[in-house]
Structure formats: C-alpha cells, structure tokens
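Listed below are the residues making up each chain.
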Amino acid sequence: MYGAVREQLTQTLQEIRDAGLYKSERELTTAQSTHVRTQTADALNFCANNYLGYAAHPVVVAAARAALDEWGFGMASVRFICGTQTQHTMLEQRLSSFLGTEATILFSSCFDANGGVFEVLFGEDDAIISDELNHASIIDGIRLSKAARYRYRNADMADLRRQLQAAQSSGARRVVVVTDGVFSMDGSFAPLTQICDLADEFGAMVLVDDSHAVGFVGDGGRGTPELFGVSDRVDIITGTLGKALGGASGGYVSSHREVVDLLRQRARPYLFSNSVAPSVVAGSLAALELVAGSADARAALRRNTTLFRELMTEAGFTLLPGSHPITPVMFPGDDGARLATQIADHMLAHGGVYVIAFSFPVVPRGKARIRVQLSAAHSEEDVRSCVSAFVAARAAVG
Ligand SMILES: *Cc1c(COP(=O)(O)O)cnc(C)c1O
C-alpha cells in the first residue's frame with residue numbers, strides 16, 4: 001500500500017526543489033553530436049563527453065549496424081552462462097593490447113566495474129586509500145568492500161603520505177591507492193608519477209579510473225598512465241566505453257592476469273548482470289580501431305581546446321588552468337552560482353550554445369562554474385561561436 005509514502009516522497013522532492021538541486025532533463029530530438037536540436041532550439045553542444053566525436057561517427061555506426069545483422073540484438077545471458085561471443089573476447093584482448101596490460105574484463109558500465117572491483121580484491125585485512133574527489137562509483141564500490149578506508153585531499157601528496165603511513169601502521173595486508181586519472185569538475189590530472197612513487201615507497205598498489213582520458217589523453221590516446229609515462233607502474237585501470245570510445249555503454253577493468261581472472265570468478269556486477277550488447281561491442285571495437293589508427297582526432301581535440309582556452313582568456317574570462325578538454329569557466333564568489341546559471345541559460349536561448357553550470361554542492365561553495373567540454377568534431381567556427389555566446393551572455397546578464 002502506497003499510503004503515506006506519497007506524502008513523504010512529495011515532500012522530499014519539494015526539498016530538492018527548494019534547495020535548487022532539482023535536475024530536469026532536456027530532450028534531444030537528434031543523435032548525439034556537436035550540433036543537436038533540443039525541443040526548443042538548435043544548439044551547438046559543448047557538454048557531452050563525446051571527446052572524439054565518435055558517438056555518431058559513420059564508421060562506428062556502420063560497425064554497430066553490421067553487428068546487429070551478424071550477432072543479433074541482445075545476449076539474454078550473463079557472460080559465464082551463454083553470453084560470451086567471440087567479439088566480447090576480442091574487445092577484451094584489444095583493450096589489453098591498447099592499454100599494455102595482461103588482461104581485461106568487460107562490465108556493463110564503468111560504474112559496475114568500480115562497483116565490483118574493490119570487494120573482490122580488498123577484504124577486512126586490507127586498506128583502500130582514495131582521493132576525496134573520486135567518482136561516485138568509486139566511493140560506492142569502496143563501501144561494498146570490507147577493507148579499511150582512508151581518504152586524502154584532492155591530489156595532495158603530503159596527505160596521501162600520511163594516509164599511507166596510517167594504513168601501514170594499522171598492519172594492512174594489501175594497500176591500494178585509488179584515483180581518477182582526470183577529475184571531472186576541474187579537468188585536472190591526478191599526479192600519477194608522485195602517486196606511483198609513494199605507492200612504491202609503501203608497497204601499495206595503484207588503481208586509476210581513466211574514464212575521462214582513455215582514447216584521447218597521451219600521445220597514443222592510452223590515457224593518463226601514458227601521459228605520465230607510468231603505464232607499467234599502474235596495477236589496475238578502470239574505464240568506460242561510454243565517453244570517448246563511442247559513448248554507448250560498457251566499462252572495463254584492465255590489469256594483471258590474476259586480478260582479471262579473480263574478477264571473472266567473483267565480481268558481482270559481472271556475474272549477475274547481462275553481457276554488453278553485440279552492437280555496442282562492435283561499435284566500441286571500431287572506435288578503438290579509430291583511436292589506434294590515427295592521431296588526427298586527438299590533434300583536432302587539442303587544437304580546439306587550446307583555441308578555446310586562448311580566446312576565452314583574451315575575452316577576460318577566468319579559466320581553471322590546464323590542457324584537458326574539460327574547461328571550467330569560473331564564476332567565483334557569492335553571486336557566482338546565480339551568474340553561471342543565468343549565463344548558461346542565456347547562451348542556449350540566445351546564442352544556440354549548450355553548456356551546463358555547476359554550483360554547490362557539486363563543486364565547492366563559491367566556486368561555481370560553467371564546464372565546457374570540447375570535442376574533436378567541433379569546427380574552429382563552432383569554438384568561436386561558443387566564445388561569442390559567452391561574451392554576449394556576460395554583457396546581457398551583467
Ligand atoms: C563517467 C565515469 C564513470 C561511469 O562510467 P559509466 O560507464 O557511464 O558507468 C566512472 N568513473 C569516472 C571517473 C567517470 O568519469
């Protein structure tokens with residue numbers, strides 16, 4: 001009986017609205033792309049994780065379409081019963097050779113990969129040391145494990161050292177340092193070299209979630225371990241197929257052979273959830289071939305990011321420094337949250353540019369921002385239009 005629950009939920013929803021935290025969804029009436037249509041307007045899209053423009057890339061779409069004919073629509077099974085096709089194994093092998101690891105295991109999402117990895121590998125005798133800004137799925141995954149939990153301030157190596165010391169003094173059997181390769185609200189990189197140095201000093205493993213890097217960060221697009229030259233020092237990589245690598249869905253853990261073997265035996269989201277759909281596997285394989293086959297898209301993405309950062313700085317906006325295509329345009333102070341929201345709204349309504357404002361509690365109080373995400377598929381004109389829309393909105397909103 002629903003009864004009093006309706007009242008209670010209605011009140012909770014009202015509290016969310018009153019706090020200004022209610023999220024409404026804008027429907028696209030087109031494919032995901034740099035140019036989209038919403039129900040109200042045509043828009044240049046600067047808020048997707050479509051870093052390489054592969055979400056609707058003809059080669060990726062064609063591979064997925066061909067797979068529908070050859071491999072069918074769905075798997076209707078988990079992997080270990082009858083849900084493993086030749087191409088699932090191929091994608092895992094392809095990811096391993098691309099990332100330079102021994103083995104890879106696919107999950108339905110990176111959320112599931114992070115949800116499954118910790119419980120299997122770290123038990124009550126062990127310690128997990130996690131950056132405070134790590135993704136929600138890491139936080140949840142760690143909660144599912146019985147290991148002791150330590151948290152360090154974002155990219156703060158002195159604090160990481162303190163936490164490693166604490167874990168060591170507690171007599172932990174295994175210790176792992178866990179970090180996002182790129183922090184999604186700031187577009188900043190985790191200092192992987194120092195993290196690996198500290199981990200070595202304390203005999204700890206390193207896990208990097210490279211969701212916002214795989215495919216486009218590093219010369220070969222192999223992600224933050226490649227960028228920092230520590231590919232052979234990172235023990236476990238998790239990542240998504242839902243961003244640069246076609247953006248459909250799916251995630252993975254890529255690591256040492258025993259780690260992956262054990263996950264295949266014990267990871268609950270792997271054992272008890274359906275296999276990645278055949279067309280998604282085929283499209284992801286095609287996206288990976290594009291990444292490995294040419295540096296053009298990565299170069300275009302870098303060009304667009306650099307141009308946007310230069311033009312915005314010239315126009316007098318304050319950006320968080322960096323080189324990642326996540327480019328936070330800052331609106332500091334008490335009035336920042338309101339300003340950022342009004343500017344983003346104005347940009348969509350009048351400039352045809354779709355960007356998203358973030359404020360407390362998603363980012364710290366007083367650090368509101370509009371997060372712009374560049375894509376390789378943006379043209380130079382698209383980038384210039386985005387900057388013009390920022391300038392016009394600032395003038396209009398004040
Ligand atoms: C996007 C993201 C995820 C979730 O990936 P999905 O495949 O969409 O579940 C996990 N971790 C990080 C760091 C992410 O940015």
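Residues numbered from 1 in each chain as written. Predicted model: local features only at pLDDT ≥ 70, side-chain atom pairs only at ≥ 80, totals over all residues. Heavy atoms only, no water.

Novice: Before we move on, can you summarise unusual backbone geometry with the specific residues and values?
Specialist: Note that the residue after Phe 360, namely Pro 361, is joined by a cis bond; omega there is 5°. Its location among the elements puts Pro 361 in the loop between strand S14 (356-358) and strand S15 (367-373). Phi angles above zero are rare outside glycine, and Ala 76 is one such case at about 50°. Relative to the elements of secondary structure, Ala 76 occurs in the loop between helix H2 (58-71) and helix H3 (79-82). Ala 76 sits in the exposed class, given a relative accessible area of 76%. The phi torsion at Ala 155 lies on the positive side, around 55°, for a residue other than glycine. By relative accessible area, which is 29% here, Ala 155 ends up partly exposed. (Helix = DSSP H or I, 4+ residues; strand = E, 2+ residues; numbered from the N terminus. Buried < 20%, exposed > 50% of the residue type's maximum accessible area, 1.4 Å probe, protein only.)

Novice: So, the domain arrangement of the chain: which residues are in play, and what are the values?
Specialist: According to the domain assignment, the chain consists of domain 1 (20-52 + 294-397) and domain 2 (58-292). Distance from the C-alpha centre of domain 1 to the C-alpha centre of domain 2: 27 Å. Tallying the contact residues gives 19 residues for domain 1 and 19 residues for domain 2. A combined buried area of about 1500 Å² lies between domain 1 and domain 2, and 55% of that area is made up of carbon and sulfur atoms. Ranking the residues of domain 1 by area buried against domain 2 places Leu 52, Arg 298 and His 324 at the top, with a combined share of 34%. Linking domain 1 to domain 2 there are one salt bridge. Residue Asp 186 is joined to Arg 369 by a salt bridge in which the shortest nitrogen-to-oxygen separation is 2.5 Å. Where domain 1 packs against domain 2, one counts 10 residue pairs in polar contact (both at pLDDT 80 or more). (Domains from an automatic or database assignment. Contact = heavy atoms within 4.5 Å. Buried area = accessible area lost by both parts, 1.4 Å probe. Salt bridge = Lys/Arg side-chain N within 4 Å of Asp/Glu carboxyl O. Polar contact = N/O pair within 3.5 Å; in protein donor to acceptor, adjacent residues only side chain to side chain.)

Novice: Lay out the environment of Phe 202 in plain terms, naming residues and giving numbers.
Specialist: Topologically, Phe 202 is positioned in helix H8 (residues 192-202). Taking C-alpha positions, Phe 202 is 6.8 Å from Leu 164, a pair spaced 38 residues apart along the chain. Filtering out sequence-adjacent residues up to four positions away, Phe 202 remains in contact with Arg 161, Leu 164, Gln 165 and Gln 168.

Novice: Quick one: what's the story with a nonpolar patch on the surface, residue by residue and with numbers?
Specialist: A cluster of nonpolar side chains, contributed by Leu 13, Ile 16, Leu 21 and Tyr 22, occupies part of the molecular surface with about 310 Å² of accessible area. Along the chain, Tyr 22 turns up in the loop between helix H1 (5-18) and strand S1 (35-37). Judged by relative accessible area, which is 39%, Tyr 22 ranks as partly exposed. (Patch = residues over 30% accessible without salt bridge, like charges linked within 9 Å, V, L, I, M, F, W, Y side chains within 5 Å. Areas by Shrake-Rupley, 256 points an atom, 1.4 Å probe, with all protein chains shown as cover.)

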